[in-house]
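Observations on chain architecture
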Amino acid sequence: MLKIRIAGSESELRQIAHKAGSTRIKRFKRDNGKTIFAIDVQITVKDFLENLDLTSDNAQDEAVGIGFQNTCDPQEIQIELENLLDEISDK
């Protein structure tokens, strides 16, 4: 399972929380006095990769910008993520 923290405005997070089935919106106070809202969402690696669109031109441009090749293999990414999660849970 992946745990993802999503930050944004309270209204944006209410829409996401409604779709994700989570209604717990956390409120954080920054040192500068600003308030930040966030929700935590858990998703399986498989579901995450199924919803990740690696075929669009924009996604490929972003992937190249962060050091990935133009052709990403979702199964290879899933195996690497699962291995990483196993290492983390062993510690």
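Below is a short write-up of the structure. Sequence order as written defines the numbering, with residues in each chain counted from 1. With pLDDT at 70 or above as the cut-off, local features in this predicted model cover only qualifying residues; side-chain atom pairs require 80 or more to be listed or tallied, and sums for whole chains, interfaces and linings still use all residues. In computing side-chain properties, one takes all heavy atoms of the structure into account and sets aside hydrogens as well as water.

Side note on the overall build of the chain
Comment: elements are numbered from the N terminus, with helices defined as DSSP H or I runs of at least four residues and strands as E runs of at least two. From N to C terminus, the chain includes four helices and three strands. What you see in the chain, going N to C, is helices and strands ordered as β-α-β-β-α-α-α. With a 1.4 Å probe rolled over the protein chains alone, any residue whose accessible area is under 20% of its type maximum counts as buried; one over 50% counts as exposed, and the rest are partly exposed. Going through the 91 residues of the chain one by one, you find that 14% of them count as buried. Of the accessible surface of the chain, which amounts to about 7400 Å², a share of 48% is contributed by carbon and sulfur atoms. Exposure was quantified through the Shrake-Rupley algorithm and a 1.4 Å probe, taking into account, for residues, occlusion by the shown protein chains and nothing else.

Some remarks on the pairing of strand S3 (residues 35–43)
A pair of strands counts as paired when DSSP detects no fewer than two bridges linking them. Pairing geometry for strand S1 (residues 2–8) and S3, over seven bridges, is antiparallel. Pairing of arginine 5 across the sheet is with aspartate 40, part of S3. What sits between the antiparallel neighbours strand S2 (residues 26–29) and S3 is a turn of five residues, in which glycine 33 has the positive phi angle 95°.

Points about the nonpolar core
Nine residue types can take part in a nonpolar core, namely buried Ala, Val, Leu, Ile, Met, Phe, Trp, Tyr and Cys, and a core is a set of them joined through side-chain atoms within 4.5 Å. Grouped together as the largest cluster of nonpolar side chains are five residues: Leu13, Ala17, Phe37, Ile39 and Val41. When contributions to this core are tallied by element, the ones reaching two or more residues are helix H1 (10–20) and S3. A per-element tally of this core places S3 first, with three residues. Contacts are residue-level and defined by heavy atoms, with any inter-residue pair within 4.5 Å sufficient. Each residue touching isoleucine 39, except ones within four places of it in the same chain, is listed here: Ile4, Arg5, Ile6, Leu13, Ile16, Ala17, Arg24 and Ile25.

Points about the sheet that holds S2
The strands making up a sheet associate through backbone hydrogen bonding, with each pair oriented either parallel or antiparallel. Read from one edge to the other, the open sheet built from three strands follows the order S1-S3-S2, with strand pairing classed as antiparallel. A strand with exactly one partner marks an edge of an open sheet, and here the two such strands are S1 and S2. Each neighbouring strand pair of the sheet contributes to a mean axis angle of 35°, computed without reference to strand direction. Every axis in this analysis is a line fitted to C-alpha atoms, fitted for helices over the stretch in contact. Angles between the N-to-C directions lie between 0 and 180 degrees.

Regarding the pattern of salt bridges
Salt bridge, as applied in this entry: a Lys or Arg side-chain nitrogen positioned within 4 Å of an Asp or Glu carboxyl oxygen. Under the criterion given, the structure shown has three salt bridges. For lysine 26, the salt bridge is made with aspartate 40, and the minimal N-O distance between the two is 2.6 Å. Of the two residues, lysine 26 is situated in strand S2 and aspartate 40 in strand S3; the sequence distance between them amounts to 14 residues. Its relative accessible area of 23% is what places lysine 26 among the partly exposed residues. A single network of salt bridges, built from pairs that share partners, joins Arg5, Lys26 and Asp40.

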